[in-house]
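The residues making up each chain are set out below.
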Amino acid sequence: MPNEIRITSPATVANVACGFDVLGFCLDKVGDEMVIRKTAKKGISITKIEGYNLPLNVNENVAGISALAAYNVLKPNCGFEIEIYKKVKPGSGIGSSSSSAAGSVFGINALLDRPLSKSDLVKFAMQGEYYASKSEHADNIAPCIYGGFTLVKSVDPLKILELPTPDDLFAVIIHPQIEIKTSEARALLPLNVPLYSAIKQSANLGSLVHALHTSNYQLISESLNDLLIEPLRKKLIPNYNEVKEAALKNGALGCSISGSGPSVFALCKGNDSASSVKKAVSQIYSRTAINFDIFISKINTEGIKIVE
Ligand code: HSE
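Below: a short report on this structure.

**What about the site of the ligand?**
Every residue close to the ligand is listed here: A14, N15, F20, D21, H137, D139, N140, T182, R186, R233, G259 and S260. Contact between the ligand and N15: an oxygen atom at 2.8 Å from a side-chain N or O atom of the residue. Protein coverage of the free-state accessible area of the ligand, which is 260 Å², stands at 96%. The cavity that encloses the ligand is the largest pocket. Along the lines of polarity and charge, the residues of the shell around the ligand split into two nonpolar, six polar and four charged.

Next up, the structure:
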C-alpha cells in the first residue's frame with residue numbers, strides 16, 4: 001500500500017421521498033476529492049481545503065471529526081494528513097458533510113490495509129455527520145460508502161441493506177442556490193405523525209424496495225410519495241410546487257426534496273426522459289432571479305473509491 005492516496009467521495013440523495021432518514025442513493029456526477037497521506041508524526045491534520053471556506057481545525061471539520069474517531073480506536077503507529085478538494089457544496093442537500101466525513105475515514109482505512117468493514121466506516125463517518133446535523137442518521141453516508149441504493153435498517157445496532165439499482169434509472173438534481181442547514185430543516189419536523197400517514201408512508205417505502213428489486217419503473221413511480229416530510233419542508237424551497245409539477249408532467253417517475261434541501265431530485269427512466277425534465281425545470285428557474293445548478297447523473301453503484 002502506498003503512503004498516499006487520492007479518493008473521490010460521491011454526493012448522495014437521502015430520504016428518496018418515502019424513506020426519511022433510512023433510504024438513500026449515490027450520485028456519480030459530483031464528489032469531493034481528498035488526498036490522504038501517512039505521516040511519521042502521530043495525529044490527524046487537515047493541511048489544505050480548496051473549493052469552500054471550511055475550518056482546518058480537525059475538531060471543527062466533519063472530515064477531521066470522523067477521521068479522529070477512527071484514529072482513536074485504531075491507534076495506528078503513524079499519523080495522517082488530509083487535503084480536501086471540496087466539490088459538493090455545503091448546505092446544498094446532496095450529502096456534502098457525508099462525503100467529507102466518509103472520505104477521510106475511507107482513506108485512512110485504505111492506507112492501513114483495511115482493518116475496518118464498510119459498516120465500521122459508516123459508524124465513524126456518522127460522528128462527523130452528527131457534528132454537522134446534530135442528529136444520528138446514515139442515509140447519506142451509507143450510499144456514499146456502499147454505492148447504489150441503501151436502506152439503513154437501524155443505526156443502533158448499525159444495520160445497512162444494499163438494494164439493487166435498476167439499469168435505466170437516472171437522477172436529475174436541481175439546486176436552487178440558497179442554503180438550508182440540515183439542523184434547521186429538522187427543527188421543522190414534529191415528533192409524532194398521524195397513523196394514517198405513517199401507514200401510507202410505510203406502504204410506499206416497502207413497495208419502492210420491491211420495485212428496485214424487480215426493476216418495476218411503474219411501481220417506482222407510484223411509490224415516490226412523501227406524506228410526512230415534504231409538506232413541511234417544501235416551503236423552504238423557492239418554486240417547489242412548480243418544479244415538481246414540471247418534472248412529473250415531463251415524464252419524471254417521481255420528484256421530491258433531496259435530503260433536507262434545497263436540492264430537489266427527480267428520478268427518470270432513461271437519459272432522454274431526464275433531459276426533458278432538466279429542460280422543463282430549467283425554464284422555471286430561468287424565469288426567476290434565483291441562480292441554480294442542474295445536472296443529470298447516473299446512479300453510482302460503486303460508491304467512494306480510490307482514484308490513484
Ligand atoms: N435524512 C436527513 C434529513 C438527510 O432529511 O434531515 C439530511 O442530512
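Further notes follow.
**Some details on the sheet that holds strand β10 (residues 292-298)**
Strand-to-strand pairing in sheets goes through backbone hydrogen bonds, with the strands running parallel or antiparallel. If you trace the four strands from one edge of the open sheet to the other, you get β8-β9-β7-β10, paired in antiparallel fashion. Both edges of this open sheet fall to β8 (254-257) and β10, since each of them pairs with a single strand only. Pairwise comparison of adjacent strand axes, ignoring direction, gives a mean angle of 20° for this sheet. For strand β7 (residues 169-176) and strand β9 (residues 264-269), the ladder comprises six bridges, and the chain directions are antiparallel. Each residue of the ladder has a partner; that of V172, found in β9, is A266. Packed onto the sheet, helix α9 (residues 240-249) meets β7, β8 and β9 and runs at close to 155° relative to β8. Contacts from helix α10 (residues 271-286) reach β7, β9 and β10, with the element oriented near 170° to β10.

**Looking at empty space enclosed by the protein**
Per the counting criterion, the structure on display carries one cavity of 30 Å³ or more. Here the largest cavity is characterised by a volume of approximately 50 Å³. Taken together, N15, A17, F20, D226, I229, E230, S256, I257 and G259 form the lining of the largest cavity. Residues of the lining of the largest cavity, tallied by class, amount to four nonpolar, three polar and two charged.

**Points about unusual backbone geometry**
Glycine aside, the phi torsion of most residues is negative, and most peptide linkages are trans. Here the residue pair D156 and P157 is connected by a cis peptide bond, since its omega of 5° sits within 30 degrees of zero. Note that the residue after G261, namely P262, is joined by a cis bond; omega there is 10°. With respect to the element layout, P262 can be found in the loop between β8 and β9. Of note, A17 is a non-glycine position whose phi angle comes to about 70°, a positive value. Tracing the sequence through the fold places A17 in the loop between β1 (4-14) and β2 (23-39). In this structure A17 comes out as buried when scored by relative accessible area, which is 3%. The phi dihedral of K75 falls on the positive side, at around 45°, and the residue is not glycine. In this fold, K75 is placed in the loop between α1 (62-74) and β4 (79-85).

Thresholds applied
Each chain carries its own residue numbering, running from 1 in the direction its sequence is written. Given that this is a predicted model, residues contribute local features only at a pLDDT of at least 70 and side-chain atom pairs are listed and counted only at 80 or more, while totals for whole chains, interfaces and linings are drawn from all residues. Hydrogen atoms and water are omitted, and side-chain values are computed over all heavy atoms in the structure. Definition of nearness: a residue and a molecule or strand are near each other if at least one heavy atom of the residue lies within 4 Å of the molecule or strand. Pairs of N or O atoms within 3.5 Å make up the polar contacts considered here, provided that, within protein, one atom can donate a hydrogen while the other can accept it, and that residues adjacent in sequence are counted only when both atoms are side-chain atoms. To be clear on the numbers: accessible area is Shrake-Rupley with a 1.4 Å probe, and residue cover counts the displayed protein chains and nothing else. In this analysis, the protein atoms alone were mapped onto a 1 Å grid. Cavities are point sets where a 1.4 Å probe fits without being able to get out; pockets are open sets with protein on both sides within 12 Å along at least five of seven lines; lining residues have an atom within 4 Å of a point. Each molecule is checked against the cavity or pocket grid, and it sits inside if more than half of its atoms lie within 2 Å of the grid points. For this classification, the nonpolar set comprises Ala, Val, Leu, Ile, Met, Phe, Trp, Tyr, Cys and Pro, the charged set comprises Asp, Glu, Lys and Arg, and every other residue, Gly included, is treated as polar. At least two bridges found by DSSP between two strands are what make those strands a pair. Think of it this way: any DSSP run of H or I at least four residues long counts as a helix, any run of E at least two long counts as a strand, and we number them from the N terminus. Axis lines are fitted to C-alpha atoms, over the contacting stretch for helices. Their N-to-C directions set the angle, which ranges from 0 to 180 degrees. Here, residues are in contact when the closest pair of their heavy atoms is within 4.5 Å. Grid points are joined across faces, edges and corners, and a volume is the space filled by probe spheres set on the points. Burial classes: relative accessible area under 20% of the type maximum marks a residue as buried, over 50% as exposed, and values in between as partly exposed (1.4 Å probe, protein chains only).

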